[in-house]
Amino acid sequence: MSALGELETLILLAILRLGETYGVPVRDEIYKRTGKRLTRGAIYTALARLEKKGYLDSTVGPPTPTRGGKSKRFYTVNEQGLEALRTSTRVVGQMRAGLEALFTDQ
Amino acid sequence: MSRRAPPRLSRFLLSLAVPRDQHDTVLGDLDEEYAERIDKGLGRVRGRLWYWRECASLSRAFLGDRARERSKHVGRARAAVRNVSKRSTRNSNTTAVRSNVNAIARKGRRTEMGVLLKDLVFGFRSLAKRPSSAVISVLVLSIGIGLSTFMFSIVYGVWLRGLDVPEADRLTMIFQTNLERDVNQRSVPVHDLYDWREQQRSFEGLAGWYSGTVNVSGGGEDPERFSGAFVTPNLFDVLRVQPILGRGFVEGDEQPGAPFTAILAYDVWQNRFGGEADVLGTVIKANGEQATIIGVMPEGYGFPNGEDIWIPMRDIPSQVERGQRSLSVMGRLNDGVTLQQAELELASIADGLVLQYPETNEGIGVRFVSWELNQTPMSFGKVFIVMLVSVIFVLMVACANVANLLLARATLRVKEAAVRTALGGSRMRVVLPFFAEAMLLAVGAAVLGTLIAFGGIKSFDALTMQFRPFWIEFMLDVPALLFVAGTAVVVSVFAGALPAYQIARSDVNVALKDESRGSSSFHLGKVSRALVVGEVALSCALLVGSGLMARSMINVSDTTFSYAADNVFTARVGLFPTVYPDSVARSRFFVDLQSRLESHPQIAHAALISHLPGSGASSIGVAMDGEEYQDDHDLPTLRRAIVSPGLFGVLGVSLLQGREFTADDVFERPPVAIVNQWFAARHFDGGSPLGRRFREGNSSDAPWITIVGVAPDLDLNGVVSANDSAGYYLPLAQRDQRFISIIASPVGGGPMALTAEVRRTVRALDDDLPIYNVESLDFTHQQLTQFFGIFGVLFILFGVITMAMSLVGLYGVLSFSVNRRIQEMGVRIALGARGRDVVRLILRQGVIQIGIGMTIGLAAAAGVSRVLGNFLVGVQARDPVVFGGVTLLVIGIGLFATWLPARRASGIDPMVALRAE
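Criteria and cut-off values
- Every chain's residues receive numbers from 1 upward, in the order its sequence appears when written.
- For naming, the first written chain is A and the first written ligand is 1, with later ones following in the order written.
- Owing to the predicted nature of the model, reporting of local features is limited to residues with pLDDT of at least 70; listing and counting of side-chain atom pairs is limited to 80 or more, with chain, interface and lining totals taken over all residues.
- Only DSSP runs of H or I covering at least 4 residues are called helices, and only runs of E covering at least 2 are called strands; the numbering of each starts at the N terminus.
- Counting other C-beta atoms within 10 Å of a residue's C-beta gives its exposure: the residue is buried at 20 or more, exposed at 12 or fewer, and partly exposed in between, where C-beta atoms are placed from the backbone.
- Throughout, a pair of residues is in contact if the C-beta atoms placed from their backbones lie within 7 Å.
- Each residue gets one label: Ala, Val, Leu, Ile, Met, Phe, Trp, Tyr, Cys and Pro are nonpolar, Asp, Glu, Lys and Arg are charged, and the others, such as Gly, are polar.
- What we call a nonpolar core is a set of buried Ala, Val, Leu, Ile, Met, Phe, Trp, Tyr and Cys residues whose membership is set by joining through C-beta atoms within 7 Å.
- Being paired, for any two strands, means DSSP has found at least two bridges between them.
- Lines fitted to the C-alpha atoms define the axes, with helices restricted to the stretch that makes contact. Angles between their N-to-C directions range from 0 to 180 degrees.
- Under this scheme an angle from 65 to 115 degrees is roughly perpendicular, one under 35 degrees roughly parallel, and one over 145 degrees roughly antiparallel; angles in between are oblique.
- Here a crossing is called left-handed whenever its near helix is offset anticlockwise from the far helix by less than a right angle, and right-handed whenever the offset is clockwise.
- The predictor reports its confidence for every residue as pLDDT, a score running from 0 up to 100.
- The span you would expect from a helix comes to 1.5 Å times its residue count less one.

**Re the overall build of chain B**
Inference 1: A count of helical and extended segments in chain B gives 26 helices and 23 strands.
Inference 2: Taken across its 917 residues, chain B has 39% of its residues classed as buried.

Okay, structure coming up:
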């Protein structure tokens, strides 16, 4: 199991917040909460990567006319994804231990 | 197209980049957001911009991702190989394993190649099925490729190939500037050159030279006049070209008292000295002085201006005053020194010289210019650029035609493509056959085009041999072939992309359901029509250029001279200071020469003139008596030739007013001039100029020159120049002249029959004096206009070819659209439409395209003609005849191309048409 990159962590967290969701809201959510404007391409490639690694499950929704008859792919974080997130935040937490004073908001 | 539909092309491009399983997700999300933004009031243009930008960034991300994946894959396979081979170094099977794993790594790439190969075979078969359209496409494209390669070779030869010497890119010409006095470029006085050489560190060597005439006599042959260069001894070292025979000059050869030496060009060695090795050590007489031949240069070498002979430059600083004897200078940079560094160093040395020698060097700076650019300044080269651009136009038209042809064929294959898609063929797989077809056509055209270019370049090379510099050669070499290859790639992408795009965007569902034979769902219209409009516009612009050049050419070749140019012998002589030290001696020689010529029984009239009529006399600023001039810049410029009495008799013209020069107009007498009619018109406004005065320059020391006669126009300004040709003549006996042209008319027979007589007459006066440039005045004029002829013909050729191509294009598109509408026409006729109505329907479609194309084309033509302005003779850049003629021609030919298919449509038998299901 490989470690999560920062981008991947952000995306997993965003999906957790939103529940079942697709690319556009993920991007909006990250922007809303962090002010980070990710490119569309980065989101899609990361989603595909995360799914391939087995952290995300996806289902295909029905096609709609506004999408030119194209269907939508919805993603959810699965148990493995959650575990990976826990691991990576735990690692960070362990490294942070004892340094809390530096990280409290002023 | 509905307002909310996103731009198709960008979407298509994106779809090529996105992996198939993510298509719907990515494109769907994007379209949805686009629709939202449009609904929120984002304008159409800004919306489309947004969409394009997003597509570009998405494509980049996905392509990057794919590349990473692939390299990871290959990397893993390679690592596996390494591991295997490490573990089993003694295993004989290692190589097999290695190749096996490498094969895995290559697999991805290989399947792609296999597909392309299959498509090429498929494309070849489908082209072979309809050979006529394939042949037409190849022909049309090959003309486009051939012409542009041809022009490319010319531009390359003139500006890019440069001197054929080792490491020519380390060489630079160096000039002086005097910006305070508006001098951008002047040659370098010898004292400055020697000072630079002493102080600089940037150059391996700095060499200087000036060109001149060298009369060679001795060796039992007739004396001959050669063009020679007087060079610093290190010139050949700086160029890194050494003699093939004997030695080059060495330092010291230029010193006073050193033995006088000369180096021969290969041709001179072959022709005058029989190509024998014992030419070394031969003593000849060069400009009246004994000189020893010490070397022979390689064949084809003629630096700087196609020289025949090189002689050490002996006007070294100890021999001349500071500021005298200016030279052209070339330097070779030391290794590791950049041009900028060298320029900086020389500039600071020049500043030092300003302080040291303020009288001569005040305001003097330096300027570096590349050899090629100095030889062919941009202003002159514009004509080449215009021509290169024109042939690229031709190529574009050719491309458009082929794209159209392929497009027409593509319509027949919509169904095939739809089936492929429906069976799960990727987009790449569906569009590839079209690129493959275009590629085959382009390769065929490249081969044929190379042949065309080869023929063109060969003949251009031969035609320009006479007047082009020795170092320029036009040939089909590696750069030209690379150009061909590049063009072929661009052509196949361009010609293949349109049909591929059209196919790829067509709707699978509709295409499969469509019951007619797979064409009605195809949107040929807009793109095809735009292509035709573009073709018409381009050919319009080119034809105007052709027309202007053609008119200039006719004007030049039709110049009716106001004087007898067809029966006049001319030849040139030059006197050397060593033999004729002062103006008295020279003047005496000229007077003797003319009287001997005139008294010759076969010569009717003879005279001497500094510049032959039509060859362009020198310009000079003059001050008119009674006018005030602020500055030298305000002086009017006029052309000046120096002539002996009798000139007007030779040319068979009589003066309009006043008298000719006589034997009495000599140095001791008051200076006189004969002005031409343009001078009189410009400065005396109808009044008689006789008795009025002017002087050369604005200095009060210059003597006043009194006008004694008015001559008709004798082309003082050159045959092909459109500029004002106001000018005047001064008597030879009042001016010191070293070079002069003999001009004579025979009593009977052709002018050239006088050659032997004139040569004998000159040698009777001076046994060492050659005559050169022996030719009839007619021939001189032809030489001067030859340049015009060549370029005029090229331009006309380009225009006609483009016109033909757009004709083919227009016809092709319209006849295709008529074919598609055969049933519709049949129905119309069956319902009572008359042939006339059908013709009108089709014509309307054609006329709209021609009209739009022509409007754009005429606007572009105005730009083209402005650039050509300098090369036009006797015709305005906005010549109404040319513009009007081209307009009519394009309308006429366009209507003809439209009418042919229209007529066919009107003749449709409704029964046949309706049955043609």
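**Considerations on the overall build of chain A**
Inference 1: A tally of regular secondary structure across chain A gives 5 helices and 2 strands.
Inference 2: Reading chain A from its N terminus to its C terminus gives the helix and strand order α-α-α-β-β-α-α.
Inference 3: Counting across all 106 residues of chain A, residues that qualify as buried make up 27%.
Inference 4: Long-range pairs, those at least 24 residues apart, make up 46% of the contacts in chain A between residues at least 6 apart in sequence.

**What to know about the environment of B:Arg247**
Residue and element names in this part refer to chain B.
Inference 1: Among the secondary structure elements, Arg247 is positioned in the loop between strand E6 (245-246) and strand E7 (261-264).
Inference 2: Sequence separation between Arg247 and Val296 is 49 residues; the distance between their C-alpha atoms is 8.0 Å.
Inference 3: Those residues in contact with Arg247 that lie beyond four places of it in its chain are Ile294 and Gly295.

**Digging into the interface of chain B and chain A**
Inference 1: Across the boundary between the two partners, chain B contributes 18 residues, which contact 17 residues of chain A.
Inference 2: For the side of chain B that touches chain A, the elements supplying multiple residues, two or more each, are helix H2 (23-39) and helix H3 (44-87) of chain B.
Inference 3: Each residue belonging to the side of chain B that touches chain A can be placed in one class, and the counts come to 6 nonpolar, 4 polar and 8 charged.

**Comments concerning the nonpolar core**
All names here are of chain B.
Inference 1: The biggest cluster of nonpolar side chains holds 91 residues, and the ones touching the most others in it are Leu141, Val394, Ala398, Val402, Leu441 and Cys540.
Inference 2: Tallying contributions element by element places helix H12 (residues 378-411) first for this core, with 17 residues.
Inference 3: Residues in contact with Val402, not counting those within four places in the same chain, are Ser137, Val140, Leu141, Leu441 and Ala495.
Inference 4: Counting residues in each nonpolar core, the second largest holds 57 residues, with Leu597, Ile705, Tyr729 and Leu730 among its members.

**Topic: the environment of B:Gln849**
Residues and elements named next belong to chain B.
Inference 1: As for its placement among the helices and strands, Gln849 is situated in helix H24 (residues 835-868).
Inference 2: What makes Gln849 buried here is the crowd of 23 C-beta atoms within 10 Å.
Inference 3: Each C-alpha atom of the pair Gln849 and Glu535 lies 10.0 Å from the other, and the pair is 314 residues apart in sequence.

**A short note on the pairing of E7(B)**
Residues in a regular strand point their side chains to alternate faces of the sheet.
All names here are of chain B.
Inference 1: Of the two faces of E7, the one holding Thr261 and Ile263 and the one holding Ala262 and Leu264 are both buried throughout.
Inference 2: Examined bridge by bridge, E7 and strand E9 (residues 289-296) share 4 bridges and lie parallel to one another. Within E9, the position partnered with Ala262 by the bridge is Ile293.
Inference 3: Here E7 runs beside strand E10 (residues 309-312); their pairing, made up of 2 bridges, is antiparallel. Its bridge partner lying in E10, Leu264 is registered against Ile309.

**Section: the pairing of strand E20 (residues 705-711) of chain B**
Residues and elements named next belong to chain B.
Inference 1: The buried fraction of E20 is high, at 6 of 7 residues.
Inference 2: Examined bridge by bridge, strand E17 (residues 657-658) and E20 share 2 bridges and lie antiparallel to one another. The residue of E20 that forms the bridge with Gly658 is Gly709.
Inference 3: Relative to E20, strand E18 (residues 672-676) runs parallel, the two sharing 5 bridges. Pairing of Ile674 across the sheet is with Gly709, part of E20.

**Describing the packing of helix H18 (residues 583-598) of chain B against helix H21 (residues 755-765) of chain B**
Residues and elements named next belong to chain B.
Inference 1: Two elements in contact, H18 and H21, have axes whose closest approach is 10 Å; the angle formed by their N-to-C orientations is 140°. Taken together, the axes of H18 and H21 lie oblique to each other. Helix-helix and strand crossings are classified by hand; for H18 and H21 the assignment is right-handed. For the pair formed by H18 and H21, the contact residues are Phe589, Asp592, Leu593, Arg596 and Leu597 on the first element and Val758, Thr761, Val762 and Leu765 on the second.
Inference 2: Split by residue class, the contact of H18 with H21 holds 6 nonpolar, 1 polar and 2 charged.

**As for the packing of helix H6 (residues 190-199) of chain B against helix H9 (residues 339-356) of chain B**
All names here are of chain B.
Inference 1: Two numbers describe how H6 lies on H9: the axes approach to 10 Å, and their chain directions differ by 120°. Taken together, the axis directions place H6 and H9 in an arrangement best described as oblique. H9 is crossed by H6, and the crossing has right-handed handedness. Between H6 and H9, the contacting residues are Asp192, Asp195, Trp196 and Gln199 on the first element and Leu346, Ile349 and Leu353 on the second.
Inference 2: Its residues assigned to classes, the contact of H6 with H9 shows 4 nonpolar, 1 polar and 2 charged.

**Quick word on unusual backbone geometry**
Residues and elements named next belong to chain B.
Inference 1: In this structure, Pro304 follows Phe303 across a cis peptide bond, with omega equal to 0°.
Inference 2: Here Pro304 shows up in the loop between E9 and E10.
Inference 3: With a phi angle near 45°, Glu167 is a residue other than glycine that sits in the positive phi range.
Inference 4: Following the sequence through the fold, Glu167 ends up in the loop between helix H5 (131-160) and strand E1 (171-178).
Inference 5: The residue Asn773 is not glycine, and still its phi comes out positive at about 50°.
Inference 6: Position of Asn773 among the secondary structure elements: in strand E23 (residues 772-776).
Inference 7: Accessibility expressed as a C-beta count within 10 Å gives 14 for Asn773, which makes it partly exposed.

**Quick word on the confidence of the model for chain B**
Residues and elements named next belong to chain B.
Inference 1: Summary statistics for chain B give a mean pLDDT of 81 and a share of 89% for residues scoring 70 or more.
Inference 2: Residue range residues 517-522 is modelled with pLDDT below 50. Its contacts to residues more than four positions away, or to other chains, number 19 contacts.
Inference 3: In the predicted complex, the global pTM is 0.62; the interface-specific ipTM is 0.75.

**What to know about H24(B)**
Inference 1: Taking 1.5 Å as the rise per residue, H24(B) with 34 residues should run 50 Å; its terminal C-alpha atoms sit 46 Å apart, in good agreement.
Inference 2: Along H24(B), the positions that sit buried rather than exposed are B:Val838, B:Ile842, B:Gly846, B:Gln849, B:Ile850, B:Gly853, B:Met854, B:Gly857, B:Ala861, B:Val864, B:Ser865 and B:Leu868.

**Some points on H5(B)**
Count 3.6 residues to each turn of an α-helix, and residues three or four apart come out pointing the same way.
Inference 1: The terminal C-alpha atoms of H5(B), which comprises 30 residues, lie 40 Å apart, in line with the 44 Å expected from a rise of 1.5 Å per residue.
Inference 2: The positive-phi residue at the C-terminal boundary of H5(B) is B:Gly162, with phi of around 75°.

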